[in-house]
Amino acid sequence: MSFYEVLKEYKDFDFEEFFARIKPADVKRVLAKDRLDGRDYLVLLSPPAEAFLEEMAQKAHRLTVQHFGRTVLLYTPLYISDYCVNSCLYCGFKAENPIKRKKLSPEEVEAEARLIASTGLKHVLVLTGESRRHSPVSYIKECVEVLKKYFTSIGIEIYPLWEEEYAELVWAGVDGITIYQEVYDEEVYAQLHPAGPKRDFVFRLDAPERACRAGMRTANVGALLGLNDWRREAFFTGLHACYLQDAFPAVEVSISPPRLRPHLGSFEPRVRVTDKNLVQYILAFRLFMPRGGITISTRERPELRDRLVLLGATRMSAGSCTAVGGRVQKEGAGQFDISDDRSVAEVAAMLYSRGYQPVYKDWQYL
Amino acid sequence: MKDLSCDFLEIGGQKLKSRLFLGTGKFSSNRLIPEAVKASGAQVVTVALRRVDPGFEEENIASYVPKECILMPNTSGARNAAEAVRIARLAREAGCGNWVKIEVITDNRYLLPDNYETIKATEILASEGFVVLPYVSPDLTVARKLVEAGAAAVMPLGAPIGSNRGLRTKELVRILVEEIPLPVIVDAGLGRPSEAAEAMEMGVAAVLVNTAIATAGDPVAMARAFGLAVEAGRLAYLAGPGEVVEYARASSPLTGFLREE
């Protein structure tokens, strides 16, 4: 079984016709339910549900507090290499971009780790571009060995691997995987990924499943918002998360709703995803998967992130830098521009001011 | 008249006055923990080892547990017995004492415990000298195996963690209270002080509460309310509640004629 089978069931599904038939009473009926199915989730993502955002928010807030308490886990991304053989039209690291590529040595990884650890963070997310030549699994393992000295939870956001490779990384100390499908529409995916191994839609789609089978504790999936109709992408992201939770009940499954940010290159978002759209997505997902994690990165601006804490966010990045070695060297081209450049301490202070406990550590390497 | 002055709960060689155990995972600030402990009178406080961070005193959840309390690390995040055992050992190495609440969960939707793995972990940890309090779905056979494995108490859930749905497992918990020669502590699901009192009235030894207190509008006041309810329920249990009957006792329609003799 693969989530691809689920996706195929929706190949000819007429979303517009489905949305056109939704009445306010349908939204109210879903809001009154305790457990939502996929169609209920789609009702909450529909245009008619926009009239019920406050009701959705009240329920989403209640569910989030019930299941997660008033707490938000903090983590930060660490870019260790930007070598990449893909040509994703929307990415600052794509192979054609004439940037000076860099890959951190173990010593440089340690220098970055020391700086991050000094902020109190214990969760780090390791990122690379896709290059099996420059950043093979062995290199990632080498970096993990260094990072283990400073962090109690190490996640990876790298190119898709085979199950055995994920198992190797789990054994080395990695406990979480983040991998965005970017676009769940296969045709749009093909247009946006004209060259490189990332063209293989299904290999990427099945990556979180392989990672979970290999023993990852957490899996985070997402679509890059702005590349295709956001309602469909939000829908399939939610279904993907739900599919993983069903298949791997012990894994902590979460989603990210990243919106496309400016980056080196000239790609313009194909679809505008407003704050209101983003909020509707987050609320609908929370009601669909009350215990699902929701990760909000520094792609979003401070004033919006601060409000999303009350609407369902459970994990936030802080003190982010999207350039390889950028914390130490204070230079280099990032994968994209961040919108919230507050320090970890500033984000923590914001959480406290809103009546939330910033959580620096929520896993213990065993 | 009965009172609670000489009523103690004995676990792991400790005599506890308070029968309310407090969880800590969901407070909006670690700084509320000592206040909630004080207001509730709790003497046993559970903390997930995954959240314990000895290197960061200011944000270390364990450092907010008052020193006079028994710190009971829990194995939140363990997916099998081996991980639970590993977490318990790490907790002891980190100076968290030798009490441990075993929590083995392989279901992220309802957070229901894996009884089988919990029994295995209990056996190993009890043999290593831990005071083991396993969190389980209420089941008589499982509870008996936990007794054999050396558990110090049995902690059946009242309803899924964080659900605030109350003592939904009442009949099964009642059987454990009647049959198991260990303290039975209702852990998880209690949403209201009245539900804690209800559990205590039926003879459970203690209750463990987190969500209902930590996520209340005023957590400290709710901690106090739970403390009072647990005491009231315990006293009611000791006092021996009257029998519940479904009809008035004024007449004896079937045997009244006997009085005429």
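Residues numbered from 1 in each chain as written. Chains lettered and ligands numbered in written order. Predicted model: local features only at pLDDT ≥ 70, side-chain atom pairs only at ≥ 80, totals over all residues. Heavy atoms only, no water.

**Here we look at the overall build of chain A**
Helix and strand counts for chain A stand at 16 helices and nine strands. The C-alpha atoms of chain A give a radius of gyration of 19 Å, which matches the 21 Å a tight globule of 366 residues would have. Taking the principal axes of the C-alpha coordinates as reference, chain A spans close to 60 × 45 × 40 Å. Each of the 366 residues in chain A was classed as buried or not, and the buried ones make up 63%. Of all intrachain contacts in chain A linking residues separated by at least 6 positions in sequence, the fraction that spans at least 24 positions is 76%. Total accessible area computed for chain A in this model is approximately 13800 Å², and 52% of it derives from carbon and sulfur atoms. Charged side chains in chain A number 49 positive and 50 negative. The centres of these two groups are separated by 3 Å. (Helix = DSSP H or I, 4+ residues; strand = E, 2+ residues; numbered from the N terminus. Rg over C-alpha atoms; globule rule 2.2 N^0.38 Å. Buried < 20%, exposed > 50% of the residue type's maximum accessible area, 1.4 Å probe, protein only. Contact = heavy atoms within 4.5 Å. Areas by Shrake-Rupley, 256 points an atom, 1.4 Å probe, with all protein chains shown as cover. Lys, Arg positive; Asp, Glu negative; His and termini not counted. Charge placed at Lys NZ, Arg CZ, Asp CG, Glu CD.)

**So, the interface of chain B and chain A**
Taken together, the contacts link 34 residues of chain B with 36 residues of chain A. With both chains or domains summed, chain B and chain A bury close to 2900 Å², and 46% of this area falls on carbon and sulfur atoms. Linking chain B with chain A are five salt bridges. Across the salt bridge formed by Arg50(B) and Asp362(A), the nearest N and O atoms sit 3.0 Å from each other. Here chain B is connected to chain A by 24 residue pairs in polar contact (both at pLDDT 80 or more). (Buried area = accessible area lost by both parts, 1.4 Å probe. Salt bridge = Lys/Arg side-chain N within 4 Å of Asp/Glu carboxyl O. Polar contact = N/O pair within 3.5 Å; in protein donor to acceptor, adjacent residues only side chain to side chain.)

**Description of the pairing of strand 2 (residues 123-128) of chain A**
Looking down a regular strand, the side chains alternate between one sheet face and the other. Residue and element names in this part refer to chain A. The element strand 2 is largely enclosed, with a buried count of six among its six residues. Sheet topology note: the strand 1 (residues 71-81)/strand 2 ladder contains five bridges and is parallel. The residue bridging Pro77 from the neighbouring strand is Leu125, located in strand 2. Following the backbone out of strand 1, through helix 6 (residues 106-117) and into the adjacent parallel strand 2, one traces a crossover that is right-handed. Relative to strand 3 (residues 153-157), strand 2 is paired through five bridges, and the arrangement is parallel. Looking at the pairing, Val124 lines up with Ile154 of strand 3. Of the crossover connections in this fold, the one passing from strand 2 over helix 7 (residues 137-147) to the parallel strand 3 is right-handed. (Pairing = 2+ DSSP bridges. Right-handed = clockwise from strand over helix to strand, strands pointing away.)

**Some points on the side chain of Ser317(A)**
Along the chain, the position of Ser317(A) falls in strand 8 (residues 315-317). For Ser317(A), the side chain forms a polar contact with the main-chain nitrogen of Thr298(A), separated by 3.1 Å.

**Re the confidence of the model for chain B**
For chain B, the average pLDDT comes to 91, and 96% of its residues sit at 70 or higher. Across the assembled chains, the prediction reports ipTM 0.84 with pTM 0.90. (pLDDT = per-residue confidence, 0-100.)

**Considerations on the environment of Val65(A)**
Structurally, Val65(A) can be placed in helix 5 (residues 53-68). Judged by its relative accessible area of 7%, Val65(A) falls in the buried class. Sequence separation of Val65(A) and Thr178(A) is 113 residues, and the distance between their C-alpha atoms is 24 Å. With residues up to four places along the chain from it excluded, the contact list for Val65(A) reads Arg70(A), Tyr356(A), Lys26(B) and Thr215(B).

**Re unusual backbone geometry**
Phi angles above zero are rare outside glycine, and Glu182(A) is one such case at about 75°. Inspection of the secondary structure assignment puts Glu182(A) in strand 4 (residues 176-182). Accessibility expressed as a relative area gives 8% for Glu182(A), which makes it buried. Its identity as a non-glycine residue notwithstanding, Ala188(B) has a phi of 90°, on the positive side. Summarising the element assignment, Ala188(B) is placed in the loop between strand 9 (185-187) and helix 6 (193-201).

**Digging into the packing of helix 6 of chain A against helix 7 of chain A**
Residues and elements named next belong to chain A. Where helix 6 contacts helix 7, the two axes come as close as 9 Å, and the packing angle between them is 40°. Classified by the angle between their axes, helix 6 and helix 7 sit oblique to one another. Pair helix 6 / helix 7 crosses with right-handed handedness. Only Glu142, Cys143, Val146 and Leu147 of helix 7 make contact with helix 6, whose side of the interface consists of Pro106, Val109, Glu110 and Ala113. Within the contact of helix 6 with helix 7, the residues separate by chemical class into six nonpolar, no polar and two charged. (Axes fitted to C-alpha atoms, helices over the stretch in contact; angles between N-to-C directions. Parallel < 35°, antiparallel > 145°, perpendicular 65-115°, else oblique. Left-handed = near helix turned anticlockwise from the far one by under 90°. Nonpolar A, V, L, I, M, F, W, Y, C, P; charged D, E, K, R; others polar.)

**Things to note about the side chain of Ser135(A)**
The residue Ser135(A) is located in the loop between strand 2 and helix 7 in this model. Beyond its immediate stretch of four places on either side in the chain, Ser135(A) contacts Ser81(A), Thr128(A), Gly129(A), Ile140(A) and Tyr159(A).

**Focus: helix 4 (residues 38-45) of chain A**
Within an α-helix, residues lying three or four positions from one another point in the same direction, as the helix has 3.6 residues per turn. All names here are of chain A. Here helix 4 lies mainly inside the structure; seven of its eight residues are buried. Inspection of helix 4 places Gly38, Asp40, Tyr41, Leu42, Val43, Leu44 and Leu45 among the buried residues, and these make up the whole buried set. Turning to helix 4, the residues buried within the fold contact helix 2 (15-20), helix 3 (24-31), helix 5, helix 12 (230-247) and helix 13 (275-288). Measuring from the backbone nitrogen of Arg39 back to the side-chain oxygen at the start of helix 4 gives 3.2 Å, which picks out Asp37 as the cap.

**With respect to the packing of aromatic side chains**
On inspection of all chains with the given rule, the structure shows 21 aromatic pairs over all chains. The interplanar angle of 80° and the centroid separation of 5.2 Å between the aromatic rings of Tyr10(A) and Phe235(A) together place this pair among those described as edge-to-face. Taken as a pair, Tyr10(A) in the loop between helix 1 (3-9) and helix 2 and Phe235(A) in helix 12 lie far apart in primary sequence, 225 residues in all. Assessed through its relative accessible area of 0%, Phe235(A) is described here as buried. A ring pair is formed by Tyr360(A) and Phe56(B), whose centres lie 4.9 Å apart and whose planes are at 80°; its orientation type is edge-to-face. Of this pair, Tyr360(A) sits in the segment after strand 9 (357-359) while Phe56(B) sits in the loop between strand 4 (44-48) and strand 5 (70-74), each in a different chain. Of the two residues, Tyr360(A) and Phe56(B), neither departs from the other in class, the shared state being buried. Taken together, the aromatic side chains of Phe3(A), Tyr10(A), Phe13(A), Phe15(A), Phe18(A), Phe19(A), Tyr41(A), Tyr184(A), Phe235(A), Phe236(A), Tyr243(A) and Phe288(A) make up a single cluster linked through ring pairs. For Arg315(A), the ring lying beneath its charged end belongs to Tyr75(A), and the centroid distance is 5.3 Å. The positively charged end of Arg92(B) is found above the aromatic ring belonging to Phe130(B), 3.8 Å away from the centroid. (Phe/Tyr/Trp six-rings, centres within 6.5 Å; stacked < 30°, edge-to-face > 60°. Lys NZ or Arg CZ within 6 Å of the ring centre and 35° of its normal.)

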